[in-house]
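Analysis of the macromolecular model
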Amino acid sequence: MRLKLSNINIKQTLRRSRSLTLSLILLITILFLGTMASFLTDKDPLKTGYSTGLTPPNSDFLMGTDQLGRDVFSWTIYGVRTALFVSVTSTTLTVLTAVLVGLFAGYFGGKPDQLLMRITDFFLSIPRFILIIFAVIIFGPTLLNIILILSIFSWPSIARIVRAEVFTIKEREYIQASRVIGASNIDIMFNEILPNVIPPMLVASALQMSDAILVEAALSFLGLGDPNVPSWGRMLAIARQAIYAGGWWTLLYPALFITISVLAINLLADGLNDILNPKTIR
Amino acid sequence: MEVENGSLLDVQNLNVTYKSTIFRVDAVKDVSLTMEKGECIAIVGESGSGKSTLAMAVMKLLPPYAAVTADKIMFNGVDILKVNDKELSKIRGKDVTVIFQDPISYLNPIISVGDQMVESLSSHNDKITKKEAYEQAIDLLKKVRIADPERILKMYPFQLSGGMAQRVFIAMAVSANPKLLIADEPTTALDLTIQAQILKLLNALRKEFNLSIMLITHDLGLASYIADRIYVMFNGKVVEEDLAEGIFSKPVHPYTQMLIASSQAIYHGRTRELSKTISEMGKVEKGRKACDFADRCDKASEACYTEPTLVKYNETKKVRCWFVE
Amino acid sequence: MNEAAIFAEDVKKYYTVKVGFRKKAEIKAVDGISLIVREGESHCIVGESGSGKTTVSKLVLGLEPPTSGTLKFFGEDLKEILVDKNKLRAFRKSVQAVFQDPYSSLNPRKTIKEILEKPFKVHQIDYNSSIIESLLQDVGMVPPQAFLDRYVHQISGGQRQRVCIARALALKPKIVTLDEPTAALDVTIKAQILNLLIDLKSKYNLTYVIISHELPLLKGIADKITVMYAGKVIEQGPAKNIFSKPHHPYTIGLLESIPPPDPKTAKEKPLPVMEGEPPSPVNPPPGCRFHTRCPFATDVCRKEEPKLSEVEKEHFTACFHLRNVVQ
């Protein structure tokens, strides 16, 4: 189950993979802002009336306020927490489910595999975002619901990737060798096959994370986000009105954070792809 | 472009380096080789010796990340280093053809054998009609000893057996009357009896078409069956070259000796008699500038810390070793 | 009486494959073979692709049950072994395998040490580093400490095959199947691995089942040879006899198909060529399966299937025209 990174020279890797370096810088900055949010600002992101009406950025309000007097800066940096919380938890759930299902279906083939394929076909044939919207409307827009719904509708495509990987790996002779030794199916699946599935999964998980950020933002933009947490998407919805009064800052900062975080995670996926490719590990 | 005198192929000091951001491999180092018209040479070496790279480099068939340098590559009077891509591709399709280890993957899977052959025949000859090309394809398949060409022409590549696909590939290769056929491990993926068929076919075609063949192989048996001359490669360099008979009757380089001793011991079932010195590790700790073979060589000594050059041993033989008597 | 290590009688293995929509075909991979492997013997199974030799190795490893026929290991029926958990465990311990491709038979994400520890862990046998090291020593990887923490891509092809052999020996098996053990190796390494296998056989008291298409390679190691063609045994007997006096036209042709590594003999004695290709295992020809390529074939070969008959002591051949062929 362990992933051996010990034989990767970190300095060298960073020098080789520019995307990895850049992504780490961006991610660390964002994480810093998110975790330190309560030290960086004393304003409650959700509280209205800090100012009267739309205020442009100044020394008091670094990113200005919206038309109801909410502080855009604290909204944006507290928004990091929402975005990362949703994306990390939903991705973990998604990937765990996908790996388990993909591993079993790919390894055993036959009926379980057929079943998985039909389920994924079903999910993949309907636009995922529309399904998510319906589900959120039905079950209510709480953070937990959003995370669960996101995971439920995301695992099938990743499970398919896992299954395809398992399909090729299980035919390798070292799997047959383990069987000859007398290793059990569970042993073979988790100790022999899984380590070989992890590298492509890491890349897929990173992409899943950035996707989750986008979906959460989109839901909030449509008014289907959790109203009790500050979300970048909701600020964008607010900006829709503010922008006509010249309040560009309400649009710029949340949009910038969405872009940067998605970019950083995609670059991370790119970088992981570089270093996890066995041909480049020496 | 016919040149009456001179060799068919003359390569001097060829070097090939594979480069990428993360690695750099010198695959072929300082190799010179010549081929006369109608001659068959074999380039013999183990995996990683650079033998395939060498053959592909001669016709500039390597991917862009391979850097090829040479003092001279003359083929049939044409300077390969100077011709442009268009002329080069003309030479490749017509005067030089290549057959590979896994012909099926070099055939288009969704086009029938017949259509592929017709297309390749028409590409070399604009005047030919489809029907003529089809007739010609049948003729060619008969020449490579396929008994029922019409049936084969209707098939798709995946329906062919390995041996059949190699025959089809050879038929396409000889269709333009090439001067040089490069055969890169042409029988490695085939069964023994099929290998024998293909070998016999190549030998027959050689006479029929006055072909020169450059055979890339790890199997000394194949080399001795087909080749007039043999180049033995080790780690990107030619370590010994001679007439085939000379290589076997008087191998001089320790690596050649080891190769021949192992092959013959296996052939005769006498591996037990091989001396223990044939090993993966030798006496000399290999330094940067040492002879490449030093760490596997039982004759290695102080001198081998300096790299030997390829020197003339007799009329026909050249050897790269300090210990030539 | 001493029980045979492996006893196979009329073993068949058919696979069903889909051809097109809802159509099924049967591949007769192994179509009724019998053989006896005595303890301490090395029994080689020779044939070309499609002859069924790889299927035989899967059967011998108990990875798949035969479709019909009897397959016994030291007197115990494979069918019984496969349903009894304890028996299966013991069986897995006593029958081990070395595969053809040392590149794909070792998990690229594991170190040599992890790979060699695996058999002990699976069978919950105590082990320590000196046991692992002595295994490496036995297969000629010295000093063993230098290899323990390396990954598969950090060692050479020959060394990989040595690790595979060490893994097969870890549980002190009685039978080891070797599926083309040297086919993927360079010629100088081939000879070494072969010699290693011969040494280990006596050191560990092993019984070998070697699957190969490289006939000459087997001269030094084989006691018995079974020649297979299209799922059938066509010749079987002591290795010495098979090499010195083969009876079946296919065996003769196979032996002569190998170009000798010596230009003098190669050019003087041109390769005799056996025309045609092996038949499809889905639809084998009636009668003798070799008749489509056999220079001696007559009407009887096209209609009736020849049975194995004893031509010399313990040497069996299935051919109607033995007299003509030998002449």
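Look up: the structure comes first, before these words.
Below, the structure is looked at part by part. (Residues numbered from 1 in each chain as written. Chains lettered and ligands numbered in written order. Predicted model: local features only at pLDDT ≥ 70, side-chain atom pairs only at ≥ 80, totals over all residues. Heavy atoms only, no water.)

Thoughts on the packing of aromatic side chains
Geometry of an aromatic ring pair is reported as the spacing of the ring centres plus the angle between the planes. Counted by the stated rule, this structure contains 19 aromatic pairs over all chains. Pairing A:Trp248 with A:Trp249 gives two aromatic rings, centres 5.5 Å apart and planes at 80 degrees, and the pair type is edge-to-face. Measuring from centroid to centroid gives 5.9 Å for B:Tyr18 and B:Tyr65, while their planes differ by 50 degrees, and the two rings are tilted. Of the two residues, B:Tyr18 sits in strand β1 (residues 9-19) while B:Tyr65 sits in the loop between α1 (51-58) and β4 (66-69), which places them 47 residues apart along the sequence. (Phe/Tyr/Trp six-rings, centres within 6.5 Å; stacked < 30°, edge-to-face > 60°. Helix = DSSP H or I, 4+ residues; strand = E, 2+ residues; numbered from the N terminus.)

Quick word on the packing of helix α2 (residues 18-35) of chain A against helix α4 (residues 72-108) of chain A
Think of two packed helices as two axes; the pair is described by the angle between the axes and how far apart they sit. All names here are of chain A. Across the interface, α2 lies against α4 with an axial gap of 7 Å and an inter-helix angle of 110 degrees. As the angle between them shows, α2 and α4 are arranged roughly perpendicular. Between α2, through Ile30, Leu31, Leu33, Gly34 and Thr35, and α4, the contact on the second element is made entirely by Ile77, Val80, Arg81 and Leu84. When its residues are assigned to classes, the contact of α2 with α4 shows 6 nonpolar, 2 polar and 1 charged. (Axes fitted to C-alpha atoms, helices over the stretch in contact; angles between N-to-C directions. Parallel < 35°, antiparallel > 145°, perpendicular 65-115°, else oblique. Contact = heavy atoms within 4.5 Å. Nonpolar A, V, L, I, M, F, W, Y, C, P; charged D, E, K, R; others polar.)

Digging into the environment of A:Leu84
Residues and elements named next belong to chain A. The topology assignment puts Leu84 in helix α4. Classification of Leu84 as buried rests on a relative accessible area of 19%. The spatial distance from the C-alpha of Leu84 to the C-alpha of Leu33 is 12 Å, given a sequence separation of 51 residues. Not counting residues up to four positions away in its chain, the partners in contact with Leu84 are Leu31 and Ile213. (Buried < 20%, exposed > 50% of the residue type's maximum accessible area, 1.4 Å probe, protein only.)

What about helix α8 (residues 173-181) of chain A?
In terms of burial, α8(A) is a largely internal element, 7 of the 9 residues being buried. Along α8(A), the residues that are buried comprise A:Glu173, A:Tyr174, A:Ile175, A:Ala177, A:Ser178, A:Val180 and A:Ile181. Those residues of α8(A) hidden inside the fold are in contact with α7 (143-169) and α9 (185-221) of chain A together with α3 (85-94), β6 (95-98), α4 (112-122) and α6 (157-169) of chain C. In the stretch just after α8(A), A:Gly182 is the one whose phi turns positive, near 110 degrees.

As for the side chain of C:His315
Summarising the element assignment, C:His315 is placed in strand β12 (residues 315-317). Exposure remark for C:His315: the relative accessible area of 0% places this residue in the buried category.

Structural notes on the pattern of salt bridges
Inspection of every chain in the model, using the stated rule, returns 34 salt bridges over all chains. Between A:Asp113 and A:Arg163 there is a salt bridge, with its nearest N and O atoms 2.5 Å apart. With A:Asp113 in helix α5 (residues 110-125) and A:Arg163 in helix α7, this residue pair connects regions lying 50 residues apart in the sequence. Taken individually, A:Asp113 and A:Arg163 each receive the classification buried, so the pair is uniform in this respect. With a shortest N-O distance of 3.8 Å, B:Arg145 and B:Glu208 are connected by a salt bridge. Here the residue B:Arg145 occupies a position in the loop between α5 (130-143) and α6 (149-154), and B:Glu208 occupies one in helix α8 (residues 192-209), the gap between them amounting to 63 residues. A relative accessible area of 42% places B:Glu208 in the partly exposed class. By sharing partners, the salt bridges in this structure join B:Lys237, B:Asp292, B:Glu307 and B:Arg320 into a single network. (Salt bridge = Lys/Arg side-chain N within 4 Å of Asp/Glu carboxyl O.)

Comments concerning helix α10 (residues 249-256) of chain C
α10(C) sits mainly inside the fold: 6 of its 8 residues count as buried. Those residues of α10(C) that sit buried are C:Pro249, C:Tyr250, C:Thr251, C:Gly253, C:Leu254 and C:Leu255.

A word on the sheet that holds strand β13 (residues 318-319) of chain B
Two orientations exist for strands paired in a sheet by backbone hydrogen bonds: parallel and antiparallel. All names here are of chain B. The strand order across the open sheet built from 8 strands is β7-β8-β9-β3-β10-β11-β13-β12, with neighbouring strands paired in mixed fashion. If you trace the sheet from one side to the other, it starts and ends with β7 (96-99) and β12 (311-312), each paired once. Where strand β10 (residues 229-234) and strand β11 (residues 237-243) come together, 6 bridges link them in antiparallel fashion. If you follow Phe234 over to β11, its bridge partner there is Lys237. Contacting β3 (40-44), β10 and β11, helix α11 (residues 254-268) crosses the sheet at an angle of about 105 degrees to β10. (Pairing = 2+ DSSP bridges.)

Observations regarding the pairing of strand β8 (residues 207-212) of chain C
Residues and elements named next belong to chain C. Judged by how many residues are buried, β8 sits mostly within the fold: 6 of 6 residues are covered. By the alternation rule, side chains of β8 split into Thr207, Val209 and Ile211 and Tyr208, Ile210 and Ser212, which are all buried. Note that strand β3 (residues 42-46) and β8 share 5 bridges and pair parallel. Bridge assignment links Val46 to a residue of β8, and that residue is Ser212. Where strand β7 (residues 175-179) and β8 come together, 5 bridges link them in parallel fashion. If you follow Val176 over to β8, its bridge partner there is Tyr208. As a crossover connection, the stretch from β7 through helix α7 (residues 187-203) into β8 is right-handed. (Right-handed = clockwise from strand over helix to strand, strands pointing away.)

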